[in-house]
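What follows is each chain in one-letter form.
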Amino acid sequence: MDSPKDVRPPPVVTERPSGPVVLGVGWEPSESLIRSGASLAAQLDAHLICAYVDPASYLTEWEPAASRTSASLDPAVNSETDFPSSHVRGVLQDVLGPPGEEWSFRVLNGAVAQALGRLAASTDASLLIVGGQRPGGLAAVERMLEGSVGVNLAGLQRRPVLVIPPPGR
């Protein structure tokens, strides 16, 4: 067992992270969350990747990593399947302007925390940002069934996770 003298403080990080900032956005992303993520990315001089995890699909994670594909929960071809991500992208564009040098948009599949974690790892993100717990009964049931995205991310990640509470909380 280590004595108090053997415990060393964590190393001090003096250089700024260089990877992009990943902002997880839901179906109805708040303008406050979007602006906070964009502001922080600008302060870090980092590209902002806004990521939406499509609840109508899932990642077939039980397959080997090299052959993973996404699959729809509703396999019938339907033009409405583009609507959720188009809606989210529209909200983002209303707040941030058109995607380009400063920000981009990604649609992901699978469980939310795992999908955001995979994106952060594949882009070597310097920071992950998500919104805090939404109020309401439906949101409480979702948290009870799936858990908190912020808490799940914090347990999965080696990079910083910032949870921004909804306005008014």
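Keep in mind it's a predicted model, so treat the numbers as computed, not measured.

Q: Before we go on, may I ask you to explain the overall build of the chain in this structure?
A: Regarding its fold elements, the chain presents 5 helices and 7 strands. Traced from its N-terminal end to its C-terminal end, the chain shows the element sequence β-α-β-β-β-α-β-α-β-α-α-β. Relative to its full complement of 169 residues, the chain shows a buried share of 33%. Sequence separation of at least 24 residues holds for 73% of the intrachain contacts in the chain that already meet a minimum separation of 6.

Q: Honestly, the side chain of S126 in this entry has me stumped. Any pointers?
A: Here S126 shows up in the loop between α3 (112-123) and β6 (127-131). A polar contact is formed between the side chain of S126 and the backbone oxygen of G19, at a distance of 2.9 Å.

Q: Please clarify how the pattern of salt bridges should be interpreted in this entry.
A: Two side chains bearing opposite charge may form a pair once their charged atoms approach each other closely. According to the stated counting rule, one finds 2 salt bridges in the structure shown. Where E31 meets R35, a salt bridge forms, and the shortest distance between an N and an O atom there is 2.8 Å. Taken together, the positions of E31 and R35, both in helix α1 (residues 31-43) and 4 residues apart, correspond to about one turn of that helix. Judged by its relative accessible area of 45%, E31 is partly exposed. Between D124 and R159 there is a salt bridge; the shortest N-O distance is 4.0 Å. Here D124, found in the loop between α3 and β6, pairs with R159, found in the loop between α5 (149-156) and β7 (161-164); they are 35 residues apart in sequence, far enough to count as distant. Using a relative accessible area of 52% as the deciding quantity, one classes D124 as exposed.

Q: Where do I start with the nonpolar core in this structure?
A: Here is a general trend for soluble globular proteins: nonpolar side chains tend to be buried in one another's company. Membership of the largest hydrophobic core comes to 19 residues, with the highest contact counts inside it found for V21, L23, L48, C50, L92, F105 and I129. Residue assignment for this core shows that the elements contributing at least two residues are β1 (21-25), α1, β2 (48-53), α2 (83-96), β5 (103-108) and β6. If you tally residues by element for this core, the top one is α2, at 4 residues. Those residues within four positions of L23 in sequence are excluded, and the remaining contacts are L33, I34, L48, I49, C50, A51 and I129. In terms of nonpolar packing, the next biggest core, distinct from the first, is built from 14 residues, A115, L119, A125 and L153 among them.

What counts, and where the lines are drawn
Residues numbered from 1 in each chain as written. Predicted model: local features only at pLDDT ≥ 70, side-chain atom pairs only at ≥ 80, totals over all residues. Heavy atoms only, no water. Helix = DSSP H or I, 4+ residues; strand = E, 2+ residues; numbered from the N terminus. Buried < 20%, exposed > 50% of the residue type's maximum accessible area, 1.4 Å probe, protein only. Contact = heavy atoms within 4.5 Å. Polar contact = N/O pair within 3.5 Å; in protein donor to acceptor, adjacent residues only side chain to side chain. Salt bridge = Lys/Arg side-chain N within 4 Å of Asp/Glu carboxyl O. Core = buried A, V, L, I, M, F, W, Y, C linked by side-chain atoms within 4.5 Å.

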